[in-house]
Amino acid sequence: MTLKDRLVEDMKVAMKAKEEGKVRLSVIRMARAAIKNAEIEKKMEFNDEQVIEVLAREMKLRRDALEVFGQADRPDSVKALEEEMVVLMDYLPQQLSEGDIRQLVQETVATVGAQSLKDLGKVMGAVTPKTKGRADGKLVNQIVREVLGA
């Protein structure tokens, strides 16, 4: 079953669940709409990898908004975003822990022979495909900078 098929099936389940599935239903609909819009933009049918990219982008939007709403002292919006993020996490691959990212970055630094922050682009270019959809890009960049700056 593809990820898009799973979204359709889960949407049907959420529709039948009425009140309990309200947040889930709205997030699934939003995700399907984002995927459809991206497919229309690219003029092609997406595979699971491309669907994960779209879902990861939606997750990033929520992470960024969470930060803004947290600073603006909007607990109701923060709570709603956290609920949406929980639903999105069900469709994304297992997220890497900070320790896993750090280990991956150190291996990559050794592989590409990076010496300083000047090699940031090389390291990020090699690490990004390995962490795509499985880690927040900001966190990866932060860890790469720490490892290269040390």
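Residues numbered from 1 in each chain as written. Predicted model: local features only at pLDDT ≥ 70, side-chain atom pairs only at ≥ 80, totals over all residues. Heavy atoms only, no water.

Participant: Got a sec to walk through the overall build of the protein chain? Specific residues and values, please.
Facilitator: Each helix and strand in the protein chain was counted, giving 7 helices and 0 strands. Reading the protein chain from its N terminus to its C terminus gives the helix and strand order α-α-α-α-α-α-α. Across its three principal directions, the C-alpha atoms of the protein chain cover 55 × 40 × 25 Å. Considering only contacts in the protein chain between residues 6 or more positions apart, those separated by 24 or more positions represent 61%. (Helix = DSSP H or I, 4+ residues; strand = E, 2+ residues; numbered from the N terminus. Contact = heavy atoms within 4.5 Å.)

Participant: Could you give an account of the environment of K60, with specific residues and numbers?
Facilitator: Mapped onto the fold, K60 is located in helix 3 (residues 48-71). For the pair formed by K60 and K138, sequence separation is 78 residues and the distance between their alpha carbons is 9.6 Å.

Participant: Could you give an account of helix 4 (residues 75-89), with specific residues and numbers?
Facilitator: Residues that lie three or four places apart on an α-helix share one face, since the helix turns once every 3.6 residues. The first and last C-alpha atoms of helix 4 sit 21 Å apart over 15 residues, in line with the 21 Å expected at 1.5 Å per residue. The set of residues buried in helix 4 consists of S77, V78, L81, M85, V87 and L88. If you follow the buried residues of helix 4, they end up packed against helix 2 (22-42) and helix 3. (Expected span 1.5 Å × (residues − 1). Buried < 20%, exposed > 50% of the residue type's maximum accessible area, 1.4 Å probe, protein only.)

Participant: Lay out unusual backbone geometry in plain terms, naming residues and giving numbers.
Facilitator: Phi is positive for K43, close to 60°, though the residue is something other than glycine. Along the chain, K43 falls in the loop between helix 2 and helix 3. On the basis of relative accessibility, which here comes to 75%, the residue K43 falls in the exposed class. The phi dihedral of D73 falls on the positive side, at around 55°, and the residue is not glycine. Note that D73 resides in the loop between helix 3 and helix 4.

Participant: Could you give an account of the packing of helix 5 (residues 98-112) against helix 7 (residues 137-149), with specific residues and numbers?
Facilitator: The geometry of helix 5 relative to helix 7 is characterised by a closest axis approach of 10 Å and an angle of 50° between their N-to-C directions. Taken as axis vectors, helix 5 and helix 7 run oblique relative to one another. Helix 5 and helix 7 meet at a crossing whose hand is right-handed. Each of E98, I101, R102, V105, Q106 and V109 in helix 5 lies in contact with helix 7, whose residues at this interface are L139, V140, I143, V144, E146, V147 and L148. When the residues that make up the contact of helix 5 with helix 7 are grouped by side-chain class, the tally is 9 nonpolar, 1 polar and 3 charged. (Axes fitted to C-alpha atoms, helices over the stretch in contact; angles between N-to-C directions. Parallel < 35°, antiparallel > 145°, perpendicular 65-115°, else oblique. Left-handed = near helix turned anticlockwise from the far one by under 90°. Nonpolar A, V, L, I, M, F, W, Y, C, P; charged D, E, K, R; others polar.)

Participant: Give a detailed account of the pattern of salt bridges, specifying residues and quantitative values.
Facilitator: This model, assessed by the stated rule, comprises 17 salt bridges. Between E9 and K12 there is a salt bridge, with its nearest N and O atoms 3.6 Å apart. In this pair, E9 and K12 both sit in helix 1 (residues 3-16), 3 residues apart, roughly one turn of the helix. Relative accessible area serves as the criterion here: at 42%, K12 is assigned to the partly exposed category. Linking K138 and D64 is a salt bridge whose minimum nitrogen-to-oxygen distance equals 3.3 Å. Separated by 74 residues along the polypeptide, K138 in helix 7 and D64 in helix 3 bring together distant segments of the chain. Since its relative accessible area comes to 46%, K138 is described here as partly exposed. Salt bridges here are not isolated pairs; linked through shared partners, they connect K4, K36, E39 and E45. (Salt bridge = Lys/Arg side-chain N within 4 Å of Asp/Glu carboxyl O.)

Participant: Which residues make up the nonpolar core, and what values go with them?
Facilitator: With 23 residues, the main nonpolar core has L3, I35, V51, V54, L55, L88 and Y91 as its most contacted residues. Sort the elements by how many residues they give to this core and helix 2 lands first, with 8 residues. With sequence-adjacent residues up to four places away left out, V54 is seen in contact with A34, I35, A38 and F46. Residues V105, M124, A135 and V144 belong to the second largest nonpolar core, which totals 15 residues. (Core = buried A, V, L, I, M, F, W, Y, C linked by side-chain atoms within 4.5 Å.)

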